[in-house]
Amino acid sequence: MLSTMMDIPLSLTRILEYGASVHGNTTVTTWHGEGTGSEFDPAEEVTFRDIAARAAAFAHAIHDDLGITGDERVGSFMWNCAEHLEVMFGTACKGAIFAPLNKQLMNDQIRHIINHAEISAIVCDPRLAQQLGKVLTGTTSVASVIITGAQPAQQFAHLFPRGVEVYSYEALIDGRSTVYDWPELDERTAAALCYSTGTTGAPKGVLYSHRSLYLEAMQLRSSDSLCITHGETFLCCIPICHVLSWGVPFTCFMTGTPLVLPDADVSAPTLAKAIAATSPRVAHGVPTIWIQLFVHYMHHPPERMTLTEIYAGGSPVPPQLIKMWEERYGVDIVHVWGMVETSTVGSVARPPQGASGDTRWAYRVSQGRIPASLEYRVVNDGQVVARTDRNAGELQVRGNLVTGSYYHSPTAEPGEIASEFRGKQVEAAEDRFTADGWLRTGDVGSVTKDGFLTVEDRARDVIRSGGEWIYSVQLENLIMSNSRVVEAAVIGYPDKQWVERPLAVTVLAEGVSPTIETAESLRASMRKELPSWMLPEYWTFVKSIDKTSVGKFDKKDLRAHLAEGEYNIIRLKGPGESQRLDPTGPTELNRENQQ
């Protein structure tokens with residue numbers, strides 16, 4: 001027997017129309033910052049009603065002038081700003097597919113994404129026009145580029161390949177109707193196409209449906225998730241090109257939550273000014289943003305702190321960072337776990353009611369409780385293990401917000417333009433999905449009986465030393481808890497006896513000497529937390545650590561630097577050695593190990 005309930009398609013159109021009518025006066029503030037050459041004031045403010053009207057005008061424009069009448073892909077090459085929301089809503093609600101491009105990727109990665117997605121039009125910030133022009137060399141699908149702002153299109157035309165029509169965004173939508181007869185779409189229709197960062201090969205595409213994005217927006221409202229609430233301004237530091245800023249803008253249109261978008265500059269001084277001027281209560285962003293902002297506040301204390309919660313994800317949050325923000329400013333940094341394949345927000349670290357002391361802290365530094373919408377299991381050596389923090393393995397998930405496959409483009413067929421990436425055949429990555437329908441996340445960790453996830457490491461980043469596993473994230477958090485350290489990333493270092501040992505790539509605080517004594521002292525501070533065999537005997541001190549486009553430590557690049565002999569390695573006593581090895585110099589040790 002079926003129910004008597006109505007079956008109305010879930011769609012972004014409903015979210016847009018609801019936000020424009022019920023919360024029409026709620027604001028979106030784009031913080032352009034100072035000294036950017038912007039023609040606007042530092043803070044440009046529009047309303048949800050304005051966004052909806054201009055999204056309709058944009059939909060008319062791309063339909064009438066660009067010939068986008070079906071499920072063509074419309075790309076964006078922009079920072080977080082009001083126009084980006086207009087393009088996102090206008091494209092998806094008319095039945096086309098929104099495909100944001102990440103400027104932080106390498107040009108060949110962006111080019112591959114354009115070819116793979118068969119993007120036909122791209123809306124581009126004028127400050128990124130030159131980069132996009134270089135990217136489009138070697139693409140065939142892009143017919144139109146739309147430059148945001150009111151500058152004449154002709155001044156940018158020379159940057160792009162012949163045959164690409166260039167438009168001015170404001171001129172294109174000027175005079176268009178601000179009402180659009182949005183089609184009623186099947187809720188399973190694709191609304192957006194996002195790509196992984198491609199750290200393990202070619203970028204991989206995930207198509208989000210109107211249904212999945214609506215369900216995600218609903219989930220983000222819940223008190224166990226991001227608890228996005230009416231009237232509490234949200235500072236969006238996760239770029240729209242990274243899984244649609246975690247879907248937060250959609251939820252804000254549902255709830256009437258004002259948005260602050262930081263445009264191109266998310267540096268600590270600029271964010272500090274934006275926070276002081278716009279008074280957000282909640283924010284999200286990768287951990288490195290909040291590390292840098294905290295350091296800035298140490299030298300330039302805020303007059304008052306309006307933030308109460310910061311949601312951090314994309315890479316593990318150092319426990320010391322959580323502690324420092326709470327103790328100094330009373331701000332809760334809440335750990336979030338997720339990925340492109342899970343619509344990003346998969347778990348949120350909110351301790352259960354009544355938890356206190358060490359128990360509460362253990363919940364806070366975990367990746368959080370997995371919600372009912374996400375089925376999960378932990379698999380070790382092909383066997384599903386019991387749900388307990390003592391049983392570690394690869395996390396596998398499935399659910400309505402999880403992709404069942406990667407997008408397979410016709411252009412990825414043998415001999416087609418997207419069939420190869422960096423000289424290698426593009427694979428469908430079917431091994432990321434099990435025969436019984438689960439996504440293999442690649443994260444190694446455990447889940448407690450009450451559903452809290454702890455990710456120990458990425459499967460490819462686990463250091464396998466003498467038959468034992470050493471989790472790099474665990475070492476990184478412990479090293480970064482030391483006040484003499486700004487950042488630390490741990491990778492595997494070749495070892496004749498143990499096969500692999502930890503190498504701590506470390507950025508020291510100002511004034512700390514990069515010496516063998518410092519390395520010995522840092523390791524000694526870790527002894528009370530971990531057994532000696534886990535502690536790194538290889539250290540290198542650097543000025544900065546490479547990061548991916550989403551702020552994660554780029555361990556692929558770190559391994560490349562190591563292989564090319566670019567690190568000065570300090571070696572201390574290793575497991576089973578009775579005395580410290582003090583080589584004549586780190587460079588000599590490095591040369592020896594690279595031969």
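All of these numbers come straight from a predicted model, not from anything done at the bench. (Residues numbered from 1 in each chain as written. Predicted model: local features only at pLDDT ≥ 70, side-chain atom pairs only at ≥ 80, totals over all residues. Heavy atoms only, no water.)

Trainee: Quick question: what am I supposed to make of the pattern of salt bridges here?
Mentor: Between side chains of opposite charge, a pair can form when the charged atoms approach closely. Per the stated rule, a full pass over the model turns up 25 salt bridges. Between Glu326 and Arg364 there is a salt bridge; the shortest N-O distance is 3.0 Å. On the criterion of sequence distance, the pair formed by Glu326 in helix H12 (residues 319-329) and Arg364 in helix H13 (residues 357-364) is long-range, its members being 38 residues apart. By relative accessible area, Glu326 is classed as partly exposed at 27%. A salt bridge links Asp557 to Lys556; the shortest N-O distance between them is 3.5 Å. Accessibility expressed as a relative area gives 28% for Asp557, which makes it partly exposed. Connected via shared salt-bridge partners are Glu326, Asp332, Arg360 and Arg364. (Salt bridge = Lys/Arg side-chain N within 4 Å of Asp/Glu carboxyl O. Helix = DSSP H or I, 4+ residues; strand = E, 2+ residues; numbered from the N terminus. Buried < 20%, exposed > 50% of the residue type's maximum accessible area, 1.4 Å probe, protein only.)

Trainee: What exactly am I supposed to notice about the confidence of the model for the chain here?
Mentor: Segments scoring low in pLDDT should not have their predicted coordinates read at a detailed level. When pLDDT is averaged across the chain, the result is 91; 94% of the residues are at 70 or more. Here residues 579-588 is a poorly scored stretch, pLDDT under 50, and it has 17 contacts once near neighbours within four places are set aside; other chains count. For residues 590-595, every residue scores under 50 in pLDDT, and the model assigns this stretch ten contacts once sequence neighbours within four places are set aside. (pLDDT = per-residue confidence, 0-100. Contact = heavy atoms within 4.5 Å.)

Trainee: Looking at this model, I keep getting lost on the pairing of strand E5 (residues 119-124). Mind explaining?
Mentor: A regular strand places its side chains on the two faces of the sheet in alternate fashion. Most of E5 sits inside the fold, with six of its six residues counted as buried. For strand E3 (residues 73-77) and E5, the ladder comprises five bridges, and the chain directions are parallel. Paired with Ser76 across the strands is Val123, a residue of E5. Pairing of E5 with strand E6 (residues 144-147), which is carried by four bridges, proceeds in the parallel orientation. The partner of Ala121 across the bridge, within E6, is Ser144. The parallel pair E5 and E6 is bridged by helix H5 (residues 129-136), and the resulting crossover is right-handed. (Pairing = 2+ DSSP bridges. Right-handed = clockwise from strand over helix to strand, strands pointing away.)

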